[in-house]
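Examination of the molecular architecture
Listed below, chain by chain, are the residues.
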Amino acid sequence: MIGYLIRRIIQAIVVVFGVTLLVFLLAHIIPGGAARAALGQRATEVQIRDFNRVNGYDLPIWHQFWDYCRGLILHFNLGYSYKRNQGVSSLIQENLPKTLVLVGISTLFAVLVAVPLGVLQVVRRNKPIDYVLTGASFVGYSMPAFLLGELLILYFAVDLGWFSVDAPQANSVWGIVSDPRGLVLPVFSLAAITIASFSRYMRSSMMEAMTQDYVRTARAKGASSRRVLFRHALRNALIPIITLLGLSIPGIVGGALITETVFNFPGMGLLTYRAAIDNDVPLLLGTTFVAALATVAGSLLADIFYAIVDPRVRYA
Amino acid sequence: MHEATVDLLAPDPPAPAGGEGTSTGGLGAQVLHVFIENRLAVVGAAVIVLMLLFCFLGPVFYHTNQTSTQNALLNSTQNSPPSSTNPLGTDQSGFDILGRIMYGGQISLEVGFAAAGIATVVGVLFGAISGFFGGWVDALMMRIVDVLLSVPLLFLVIVLAVIYHPSLKILILVIGFTAWLVPARLVRGETLSLRVREFVQAVRVMGGRGPRIVLRHIIPNTIGTIIVNATFQVADAILLLAALGFVGLGVPAPKTDWGSMLSNGVNYALDGYWWQIYPAGVAIVLVVVAFNFVGDALRDSFEVRLQRR
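Residues numbered from 1 in each chain as written. Chains lettered and ligands numbered in written order. Predicted model: local features only at pLDDT ≥ 70, side-chain atom pairs only at ≥ 80, totals over all residues. Heavy atoms only, no water.

The next subject is the side chain of Asp257(B). Residue and element names in this part refer to chain B. Position of Asp257 relative to the elements: it lies in the loop between helix H11 (223-246) and helix H12 (258-267). One buried charged residue, Asp257, remains without a salt bridge, the closest side chain of opposite sign being Arg100 at 9.1 Å. Apart from the residues lying within four places of it in its own chain, the contact partners of Asp257 are Gly104, Ile107, Ser108, Leu241, Gly250 and Val251. (Helix = DSSP H or I, 4+ residues; strand = E, 2+ residues; numbered from the N terminus. Buried < 20%, exposed > 50% of the residue type's maximum accessible area, 1.4 Å probe, protein only. Lys, Arg positive; Asp, Glu negative; His and termini not counted. Salt bridge = Lys/Arg side-chain N within 4 Å of Asp/Glu carboxyl O. Contact = heavy atoms within 4.5 Å.)

Dropping the structure here:
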């Protein structure tokens, strides 16, 4: 177990290094380079040469990469947004906590809804409710995320007036959490697609658990069907959900980008959208780097948690 | 929903040793068999065929101008509701929506198929080579996949689309070259187990070299996995293009795709112009659900285990 953890952590470090290299290379394939991006199309050759010398862009590429890594590790320096005249790190620091709140609440909500839905479908398998929920989950993950968000706004905020059209605009995390009228729709919108795929996965995981020998044994010992379902089948069917959660993080983070844009939620996703609109490549690469870090950290946590929860796993 | 594990009470049919010999007839016959058995897959395939006919043959019978706003406005007004001249109304530029669904659908479907094709070819070759050589080559190639997989797809696609300014060709390349990671992993996994099988050793003994073994013997044996994944890839590519359209990185005007139509439409949704959202929304959901139905049925037939769903 300890050996597995160490190997898994080393692997995560290697991946983080790879992500750093990838982001560094992406910054270098911009046609015209960083100087053109910062100074604009009308800059003269002399201005560009000066800019490159001042910022170290005339050094050999491995030297630039070394400087980039050192800045990243020592100061978490992700570069400078020339469009906003602000460091990329400080922009991300302002916005990241709000996104973590949104993603956290909606993922928790999604699991809490998807698990009972999956169980319900197994209990009522091949009955109308099973078909209805299966159909709904197919539509759920076949729908563009922004369409769902806009429809929710249209019906629940504009027509019915139950919730506000805009997400909470507060600057602090607490300000956002304490505005449920604004938070409900973004959370639900982001959770809906996760619910669709999780409930489907939960259904088949539960179905598989029901065919296992330990379920038959429990039945043979005379356990009530409720006890068999919740004590024996459900607890085992939940284990693969941990892995699924780890694998779903990139999708959820990508979904947050769309959801935040739809609801004008002031987080990392909206920042990324604005950076894309403004052609602000340094900021775009910064948010991409942080999103990738979150993914690596998430899947590492999921794997560790899995190893703790499932005693059958004997990692040598 | 046809699923292998649905009927819990029935005993499992005896599986032939090694899983071989389950197929009756060739690949084509196998696929046909599944489609006849699975009604949802038939519905899905029918929807796909009808949508292809609608988008690509429809404009032959239903003439509308979809490239010049001025010409479009000669026959209509902006934002007009459905009427006898414009069965689904017009959009904010005066383009007829029924015709635009066909026109945008051509691009959505083209991007879907082309990107899925690129992703499949690249992923299959990458995965097969990685699995076949094994050792440090495999370790290095799979770390590359790990790194790219840890960057959320939407972010990577947006970065590339911003750097290379979207055009139809760039969009296909960007989506294709970012979506090959999953097929690469799947094919690599199967290759690892295939390369030690007897028939591969037999080819080696007969003097078959690496490229021949990979292309003629290993890849054809992973065809089930490849086809199933490619089906899901088309669905995902169409959705990804729609998301790009929403963040303003879709195909540039006057071309359009379903995603761009939708995101233009939602700007006007508050004015009650429902005909600018629902047709394009229904078209996307219909096609993506259809591909998912077909993919699910194919997966059951090939008994392929995938990571997703």
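Residue and element names in this part refer to chain A. One pass over the structure, following the stated rule, counts 10 aromatic pairs over all chains. Ring centres of Phe17 and Phe65 lie 5.9 Å apart, and the angle between their planes is 75°; this geometry places the pair in the edge-to-face category. In this pair, Phe17 sits in helix H1 (residues 2-28) while Phe65 sits in helix H4 (residues 61-75), placing the two residues 48 residues apart along the sequence. On the numbers, 5.7 Å between centres and 45° between planes, the contact of Phe156 with Trp162 is tilted. (Phe/Tyr/Trp six-rings, centres within 6.5 Å; stacked < 30°, edge-to-face > 60°.)

Residues and elements named next belong to chain B. Per-chain confidence: chain B averages 79 in pLDDT, with 84% of residues scoring 70 or above. Under a pLDDT of 50 for its full length, residues 1-24 has, in the predicted model, 28 contacts with residues more than four places off or in other chains. Model confidence for the complex is summarised by a pTM of 0.83, with the ipTM given as 0.83. (pLDDT = per-residue confidence, 0-100.)

Now for the pattern of salt bridges. Per the counting criterion, the structure on display carries 9 salt bridges over all chains. For the salt bridge of Asp303(A) with Arg8(A), the shortest nitrogen-to-oxygen distance reads 2.6 Å. Of the two residues, Asp303(A) is situated in helix H14 (residues 281-309) and Arg8(A) in helix H1; the sequence distance between them amounts to 295 residues. Residue Asp303(A) is classed as partly exposed on the basis of its relative accessible area of 24%. Among the residues examined, Arg8(A) registers a relative accessible area of 11% and is labelled buried. Arg185(B) is paired through a salt bridge with Asp146(B); the nearest N and O atoms lie 2.6 Å apart.

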